Amino acid sequence: MTSFFPSRTVAVYMGRMFLTRTFGLLAALLLILQTLDLLSESGAILAHPGNTQAQVWQYVGLRAPQIIAFLLPFSVLLGTILTLITMNQNSEVIALKAAGLSAHQVLAPLLVASLGVAVVSFAFNERIVTRATATLDQWKDVDYGALPIDRGERTNVWVRDGDDLIAVQQVRGRGEATRLGNVTVYDRTGGELVAIIRGPQGRHAGNGWAIGPATRFDVATGRVGNLGTVTVAPGVRPDQFTLGTVNPDGLDFTALAAAIGDLRDAGRPTKSLEGTLWHKFSGPLSAVLMPLLGAVAAFGIARSGHLFIRAVIGMGLGFAYFVADNFALAMGNLGAYPPFLAAWAPFLLFLLIGEAVLIRTEE
């Protein structure tokens, strides 16, 4: 295995050059996109009473991880092409091939470095991006008001029980430990509103939900009466509140897998969520594809004038992968593709394309 790589000096040199350019481009692109995004959102943030510059910087701290996760594969692609173009122009690739190295051996240091980037990207997405996304989504739901602290809570959940509608401002816990906050039951008969029952808290009790201390507003008489603790919504399961909305981007792999299991047990459709679950692996791993797709920029004689065309071909292959990846995910969300195929088919397809181009042109 060690003989497959160039010398240790060459491998470290190429890996350092690749990582430096990748993260340098990432920082530059992050600065540009974050600035543009902030210009469009700062007005909405400052429009809320009491918000100041501190809330603007808070938004930057929550939005930046999302932008980094989005830009990292592009940065790896551009970093690969820039590294290989530089080495080609300096005749370093020609020297390596003259020493007896194959095209795959020349790319080996970049592939190992990109694998390390993929591991870091996966850990970053799981530990930071998901939490920032969940918090930012909740903050947007309250129009950049008081930031929700408990990321395990669900807010503004609506459930239908026959003709009746149940609105819950806050849901905590799962299963029998589910607790409801600020419950409003719209009692309807034949589509007409009969009464409104409100309670500050609720819990699962037997076949229904005990809310209290409850008040009842009678629409016909206009009177409000105290009911104490009353049981409503018979037959409504806890998962109908806790799984009313599942944000796959705001959950890590373990939490999303558990949510999918609960939805499946409740008879809910889970195909789109399963595709997102598999994409939590295939997405970061796409960084390993970029050196292979951008490899065409490494070979060919720079003086022939075709180096720019090769760089464009490498960028075209890389961006074609991102288009195919988004298209497959969209088809998976619509149910046209199986979840596993939607997440992994573009990766496997462009892996074969990159190998075919490299073997046919250089090997």
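Residues numbered from 1 in each chain as written. Predicted model: local features only at pLDDT ≥ 70, side-chain atom pairs only at ≥ 80, totals over all residues. Heavy atoms only, no water.

Section: the packing of aromatic side chains
Reasoning step 1: Enumeration over the complete set of coordinates arrives at 14 aromatic pairs.
Reasoning step 2: Centre to centre, the rings of tryptophan 344 and phenylalanine 347 are 5.8 Å apart; their planes meet at 85°, and the pair counts as edge-to-face. Of this pair, tryptophan 344 and phenylalanine 347 are both found in helix α9 (residues 339–362), three residues apart, which corresponds to roughly one turn of the helix. Phenylalanine 347 carries the same exposure label as tryptophan 344, and that label is buried.
Reasoning step 3: The structure contains a cluster of three or more aromatic residues connected by ring pairs, namely Phe70, Phe74, Phe319, Tyr321, Phe322 and Phe350. (Phe/Tyr/Trp six-rings, centres within 6.5 Å; stacked < 30°, edge-to-face > 60°. Helix = DSSP H or I, 4+ residues; strand = E, 2+ residues; numbered from the N terminus. Buried < 20%, exposed > 50% of the residue type's maximum accessible area, 1.4 Å probe, protein only.)

Brief notes about the nonpolar core
Reasoning step 1: Core analysis: the largest hydrophobic core is formed by 44 residues, its most contacted members being Val76, Leu289, Met290, Leu293, Phe299, Tyr321 and Leu358.
Reasoning step 2: Of all the elements in the fold, those that place two or more residues in this core are α1 (8–47), α2 (53–89), α3 (92–98), α4 (103–141), α7 (271–293), α8 (307–334) and α9. (Core = buried A, V, L, I, M, F, W, Y, C linked by side-chain atoms within 4.5 Å.)

What about unusual backbone geometry?
Reasoning step 1: Each neighbour pair has its own omega, and for glycine 212 with proline 213 the value is -10°, a cis peptide bond.
Reasoning step 2: For tyrosine 144, which is not a glycine, the phi torsion comes out positive at approximately 60°.
Reasoning step 3: Position of tyrosine 144 relative to the elements: it lies in the loop between α4 and β1 (154–161).

What about the pattern of salt bridges?
Where charged atoms from two side chains of opposite charge come close, those side chains can pair.
Reasoning step 1: A full pass over the atoms with the stated rule returns two salt bridges.
Reasoning step 2: Salt-bridge contacts for arginine 63 lead to aspartate 37; the nearest nitrogen and oxygen are separated by 3.4 Å. Here arginine 63, found in helix α2, pairs with aspartate 37, found in helix α1; they are 26 residues apart in sequence, far enough to count as distant.
Reasoning step 3: In this structure aspartate 37 comes out as buried when scored by relative accessible area, which is 15%. (Salt bridge = Lys/Arg side-chain N within 4 Å of Asp/Glu carboxyl O.)

Notes on a nonpolar patch on the surface
Reasoning step 1: A cluster of nonpolar side chains, namely Ile32, Leu33, Leu36, Leu39 and Phe70, defines an oily patch on the protein surface of about 520 Å² accessible area.
Reasoning step 2: For the nonpolar patch, the element with the most residues is α1, which contributes four residues.
Reasoning step 3: Here leucine 33 shows up in helix α1.
Reasoning step 4: Assessed through its relative accessible area of 32%, leucine 33 is described here as partly exposed. (Patch = residues over 30% accessible without salt bridge, like charges linked within 9 Å, V, L, I, M, F, W, Y side chains within 5 Å. Areas by Shrake-Rupley, 256 points an atom, 1.4 Å probe, with all protein chains shown as cover.)

Details of the sheet that holds strand β4 (residues 192–205)
Reasoning step 1: Taken together, six strands build an open sheet; the order of strands is β1-β2-β3-β4-β5-β6 and the sheet is antiparallel. Edge positions in the sheet fall to β1 and β6 (224–232), since each has one partner strand and no second. Averaged over neighbouring strand pairs, the angle between their axes works out to 20° when direction is ignored.
Reasoning step 2: Relative to strand β5 (residues 208–218), β4 runs antiparallel, the two being bridged by nine bridges. From the neighbouring strand, glycine 202 faces β5, where its bridge partner is isoleucine 211. (Pairing = 2+ DSSP bridges. Axes fitted to C-alpha atoms, helices over the stretch in contact; angles between N-to-C directions.)

Here's the deal with the pairing of β6
Reasoning step 1: Both β5 and β6 contribute to a ladder of seven bridges, which runs antiparallel. When the sheet's bridge partners are listed, alanine 214 is paired in β6 with glycine 228.

Comments concerning the packing of α2 against α7
Reasoning step 1: In contact at an axis separation of 8 Å, α2 and α7 are set at 20° when each is read in the N-to-C sense. Of the possible angle classes, the one that applies to α2 and α7 is roughly parallel. Pair α2 / α7 crosses with right-handed handedness. Seen from α2, the contacting residues are Pro73, Val76, Leu77 and Thr80; seen from α7, they are Ser286, Ala287, Met290 and Pro291.
Reasoning step 2: Tallied by class, residues from the contact of α2 with α7 come to six nonpolar, two polar and no charged. (Parallel < 35°, antiparallel > 145°, perpendicular 65-115°, else oblique. Left-handed = near helix turned anticlockwise from the far one by under 90°. Contact = heavy atoms within 4.5 Å. Nonpolar A, V, L, I, M, F, W, Y, C, P; charged D, E, K, R; others polar.)

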